[in-house]
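Residue-level listing of the chains:
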Amino acid sequence: MSGQVLVIGRSGQIATALGNASWPEGFTVTLCGRETADLREPAEIGRPVAGGDWAAVVNAAAYTDVDRAESEPQAAYALNRDGPHALAEACKRAGRPLIHLSTDCVFDGSKAAPYTEDDPVKPISVYGASKAEGEDAIRTALAEHVILRTSWVFGAAGRNFVTTLLQSARDRHELGVVDDQHGCPTAAQDIARAIVHIVASLMSETSGRFGTFHFANRGAISRYDFACEILRQAELRGLASPRAFPISSAERGSAAHRPLNSVLDTARIERIYGIKARPWQPALSETLDTLLGGVTVQLEGAGVPRPR
Ligand SMILES: NC(=O)c1ccc[n+]([C@@H]2O[C@H](COP(=O)([O-])OP(=O)(O)OC[C@H]3O[C@@H](n4cnc5c(N)ncnc54)[C@H](OP(=O)(O)O)[C@@H]3O)[C@@H](O)[C@H]2O)c1
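Residues numbered from 1 in each chain as written. Predicted model: local features only at pLDDT ≥ 70, side-chain atom pairs only at ≥ 80, totals over all residues. Heavy atoms only, no water.

## What about the overall build of the chain?
Test applied: Where helices and strands are cited, they refer to DSSP runs of H or I of at least four residues and of E of at least two residues respectively, numbered from the N terminus. Taken over C-alpha atoms, the radius of gyration is set against a globule rule of 2.2 Å times the number of residues to the power 0.38. Burial classes: relative accessible area under 20% of the type maximum marks a residue as buried, over 50% as exposed, and values in between as partly exposed (1.4 Å probe, protein chains only). Here a residue-residue contact requires only that any non-hydrogen atoms of the pair lie within 4.5 Å. Reported accessibility uses the Shrake-Rupley method at a 1.4 Å probe radius. Residues are deemed covered only where the shown protein chains occlude them. In this tally, Lys and Arg are treated as positive and Asp and Glu as negative; His is ignored, and so are the chain termini. Where a charge lies is defined by one atom per residue type, namely NZ (Lys), CZ (Arg), CG (Asp) and CD (Glu).
Each helix and strand in the chain was counted, giving 10 helices and 12 strands. On C-alpha atoms alone, the chain measures out to a radius of gyration of 19 Å, which is about the 19 Å that the 2.2 N^0.38 rule sets for 308 residues. Across its three principal axes, the chain shows a C-alpha extent of roughly 55 × 40 × 35 Å. Looking at the chain as a whole, 52% of its 308 residues qualify as buried. For the chain, contacts bridging at least 24 residues in sequence account for 82% of all contacts bridging at least 6. Taken as a whole, the chain presents about 13700 Å² of accessible surface, with 49% of it coming from carbon and sulfur. Taken together, the 32 basic and 36 acidic charged side chains of the chain have centroids lying 1 Å from each other.

Given below as C-alpha cells:
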C-alpha cells in the first residue's frame, strides 16, 4: 500500500488544514472538492475511492451550517448520513480505512462532566442528529473506521467563531456573546495533525486501532470568555476592540439548539494513539498571527474569565 491519502473536501477548514499539514515523507494527499466527490451523489462517491491506491480515506466534508440545517433537514441528512454511508461502503469494497469527522453536537449537553466516547448520544438539533446517524451508518458499513469527534473548530481559513467575531469587531461597538455554552475550542491545524498521526499509525500497524475517538484542544471555556480572549489578543495586534457582553442562549435565539456542555474527554485518543492535545490558547495565538499579524503575546493567564 502506498502513502496516498484521499481527502473528501477541499476548501473546508479541516480539508484545507489537511492539505497544509506536514505529512511524513512518502505521503501524498489528494483533496477532492464537491465537483469530483459530491456527497449528495451516493452512486458517484465510490469513484474517487476506487480510483487510487489509497492508504486511507478522510471525510472532511459535511453539511456544517448548524442553524440552517433546521430548515434544510433533507440536505443535512443527505450530506451527513447518506453520503458518508455510501463512502463507507465504497471504502469497504476497496479495502480502505475511513477517517470521518464528527461533532460534539451529537450530545445534548446535560452531562455535568466532559463527554467520553461511551456516553450515549442524544442530539438536540437536526445537524447533531444527522451527524449521529452518519456515525451509525459508518459503524454498520465498515469496521475499519475512525470516527473523530471534535468541537468548536477555528482556523485562519473559512468561516468560524474566530473569523466571524473579528468581522463583527470591525463592524460593531458592542457584541452580545452567549455565556451559557461551554466547550473546547479546537484549531483545524491541530485536528489535521492528529489525523496525520492516525493515518501514519494505521499504516504501520498490522491490526488497526479503529473506533470512535474524541479530539479537542485542552481547556474548557464559555463562548463569551473565548470571545473576550479573542478580542483581547486582537487588540494587542492593533484591532480596535468592541465591548463584549454576556447573553444567554435563549436571548440569542438561534434557530438550532446547541449543547450547553460540549466538553470532550480526550483520554482515549491519548491512551490509544498517544495524541496529546495542546491548550487552545497558543493555537488561537497562531491563528490570529496569520489573520492579523504577529505580536509578542503574554499567554500566562490567557483564557481566565474577565470580571463581568
Ligand atoms: N466547524 C466546526 O466547528 C465543527 C465542530 C465539530 C465537528 N466538525 C466537523 O468537522 C468536519 C469538517 O468541518 P469544517 O468546519 O472543516 O467544514 P466547512 O469548513 O464548513 O467545510 C465543509 C466542507 O464540506 C464540503 N462539502 C459541502 N457540500 C458538499 C458536497 N455536496 N459534497 C462534498 N463535499 C461537500 C465542502 O466542500 P468544498 O471543499 O468543495 O467546498 C467543504 O470542504 C465536519 O464533519 C463537521 O461536522 C466541525
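## Topic: the side chain of glutamine 13
Put simply, the rule reads: Pairs of N or O atoms are called polar contacts if they sit within 3.5 Å, as long as, within protein, a hydrogen donor faces a hydrogen acceptor (for residues adjacent in sequence, only side-chain-to-side-chain pairs).
Checked against the element boundaries, glutamine 13 lands in helix 1 (residues 13–20). Here glutamine 13 falls in the buried class, since its relative accessible area comes to 19%. A polar atom in the side chain of glutamine 13 sits 3.0 Å from the side chain of asparagine 160. Excluding anything up to four places from it in sequence, glutamine 13 contacts Val153, Phe154, Gly155, Ala157, Arg159, Asn160 and Ala188.

## Side note on the site of the ligand
Under the convention used in this document: Any residue with at least one heavy atom within 4 Å of a molecule or strand is counted as near it. In this classification, the charged set is Asp, Glu, Lys and Arg, the nonpolar set is Ala, Val, Leu, Ile, Met, Phe, Trp, Tyr, Cys and Pro, and all remaining amino acids, among them Gly, are polar.
Near the ligand there are 26 residues, and of these Arg10, Ser11, Thr64, Tyr127 and Lys131 occur at the shortest range. The contact in question runs from an oxygen atom of the ligand to an N or O atom on the backbone of glutamine 13, over 2.9 Å. Backbone polar atom of alanine 62 to an oxygen atom of the ligand: 3.1 Å apart, as the coordinates give it. For the ligand, whose accessible area on its own is 900 Å², the fraction buried by protein is 87%. Residue assignment for the shell around the ligand shows that the elements contributing at least two residues are helix 1, strand 4 (98–103) and helix 4 (126–141). The biggest single contributor to the shell around the ligand is strand 4, with three residues. The residue makeup of the shell around the ligand, split by class, is 11 nonpolar, 10 polar and five charged.

## What to know about the confidence of the model for the chain
Inclusion rule: As a per-residue quantity, pLDDT reports the predictor's confidence and falls between 0 and 100.
Of all residues in the chain, 94% have pLDDT values of 70 or greater, and the mean over the chain is 92. Across residues 296–308, confidence stays below pLDDT 50; counting only partners more than four residues off in sequence or on other chains, it has 26 contacts.

## Looking at the state of the cysteines
Put simply, the rule reads: Cysteine sulfur atoms that come within 2.5 Å of each other are treated as a disulfide pair.
For the structure on display, the rule yields zero disulfides. Just so you know, cysteine 32 is unpaired, no disulfide at all, and the nearest cysteine sulfur is the one on cysteine 91, 12 Å from it. With no disulfide of its own, cysteine 184 lies closest to cysteine 105 among cysteine sulfurs, the gap being 13 Å.

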